[in-house]
Amino acid sequence: MIRSMTAFARSDTQGEWGTLTCEIRTVNHRYLEPSFRLPDVLRELENSFREALRKHLKRGKVDVTMRLQSAEQVSDSLDVNEDLVRAVGQAAARVSGLLDNPAPIDTLDVLRWPGVLSVAEQDFSEAREAASGLFDQVLAELVNVREREGERLRPLFSERLETITRQVAEVRSLMPELLKAQERVLRDRFEKARVELEPERVAQEMVMLAQKCDVAEELDRLDAHVSEVTDTLASDAAIGRRLDFLMQELNREANTLSSKSIDARVTRTAVDLKVLIEQMREQVQNLE
């Protein structure tokens, strides 16, 4: 399964406690790097969210955002300790009687007195339970999006791998003809230089030329790497890092093929191969 590291999923849910929204977005990254923006009342769920991410995702920078809009109004959740207010007022009146020019007591000063104003504790247990279910739902959708985005790239890899295989076969079929052509060129040089053609000397030169121009090993490795890429694309595990390594190996063989080229057709093929490999490598950078 090919999975992209770029995806986005969002959903929300409602209850008597209010409205909860969850968003998860991922982009490519060498490792799995999650970050969370959660309301304080849901902060205790972060560890379980991290565990769920590690089970379903292997790589990528992951941003998880949850927003909770409580159904209760702030005014309904504020409690005033009336007994304490009366006690503060009586104490203030006694203090005023002891002063020559007392300042009037301010209502806001009374509200600031410790214990006068309190926020009624709300029960968010149902909201936390809903948040866990919503996160699992959004994470499942995110995984589906990553898989759909990744599978859209399969034809791209298949087409380029088939082209590489075809071009490697063409170069392999050309090599006997190219070596014979180089032998003729070598003989012509001897003749122009009016050097006596010693069979042993010609044989030695041809062996050296064949060793220098032999690309059979490079062609075999290209075929082997193409087969390995094909097998890797069929794997259900995270394949991004392995594919990245294989792209480097393919590019190394294409460079060697170019450096050993003795014909313009082989050189053009090597350049074409590097273009195809680079196109795949760019997509591989975004795969899990």
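Now for a description of the structure that goes with this document. (Residues numbered from 1 in each chain as written. Predicted model: local features only at pLDDT ≥ 70, side-chain atom pairs only at ≥ 80, totals over all residues. Heavy atoms only, no water.)

### Considering the environment of glutamate 249
Along the chain, glutamate 249 falls in helix α8 (residues 240-259). Taking the relative accessible area as the measure of exposure, glutamate 249 reaches 16% and is therefore buried. Along the backbone, glutamate 249 and arginine 221 are 28 residues apart, and their C-alpha atoms lie at a distance of 8.8 Å. (Helix = DSSP H or I, 4+ residues; strand = E, 2+ residues; numbered from the N terminus. Buried < 20%, exposed > 50% of the residue type's maximum accessible area, 1.4 Å probe, protein only.)

### Some points on the sheet that holds strand β3 (residues 32-37)
Overall, mixed pairing links the four strands, which are arranged β1-β2-β4-β3 in an open sheet. This sheet does not close on itself; its edge strands, each paired only once, are β1 (7-15) and β3. Adjacent strand axes in the sheet meet at a mean angle of 10° when their direction is disregarded. Bridge count between β1 and strand β2 (residues 18-27): nine bridges; the pairing is antiparallel. Looking at the pairing, alanine 9 lines up with isoleucine 24 of β2. Taken strand by strand, helix α1 (residues 46-56) contacts β3 and β4 (60-70), and its axis lies near 150° from that of β3. Strands in contact with helix α4 (residues 125-151) are β1, β2 and β4; relative to β1, the strand with the most contacts, it is inclined by about 155°. (Pairing = 2+ DSSP bridges. Axes fitted to C-alpha atoms, helices over the stretch in contact; angles between N-to-C directions. Contact = heavy atoms within 4.5 Å.)

### As for the side chain of glutamate 288
Relative to the helices and strands, glutamate 288 resides in the segment after α9 (264-284). Setting aside residues no more than four positions away along its own chain, glutamate 288 makes contact with Arg3, Ser4, Met5, His56, Leu57, Lys58, Arg59, Arg146, Ala238, Ile239 and Gly240.

### Quick look at a negative patch on the surface
Taken together, the side chains of Glu16, Asp123, Glu126 and Glu129 make up a negatively charged region of the molecular surface. Residue placement: glutamate 126 occurs in helix α4. The exposure class of glutamate 126 is exposed, given its relative accessible area of 51%. (Patch = residues over 30% accessible without salt bridge, like charges linked within 9 Å, V, L, I, M, F, W, Y side chains within 5 Å. Areas by Shrake-Rupley, 256 points an atom, 1.4 Å probe, with all protein chains shown as cover. Salt bridge = Lys/Arg side-chain N within 4 Å of Asp/Glu carboxyl O. Lys, Arg positive; Asp, Glu negative; His and termini not counted. Charge placed at Lys NZ, Arg CZ, Asp CG, Glu CD.)

### Remarks on the pairing of β3
Strand residues, when the strand is regular, have side chains that alternate between the two faces of the sheet. Examined bridge by bridge, β3 and β4 share six bridges and lie parallel to one another. Note on β4: the bridge partner recorded for proline 34 is valine 62. With α1 bridging β3 and its parallel neighbour β4, the resulting β-α-β unit is left-handed. (Right-handed = clockwise from strand over helix to strand, strands pointing away.)

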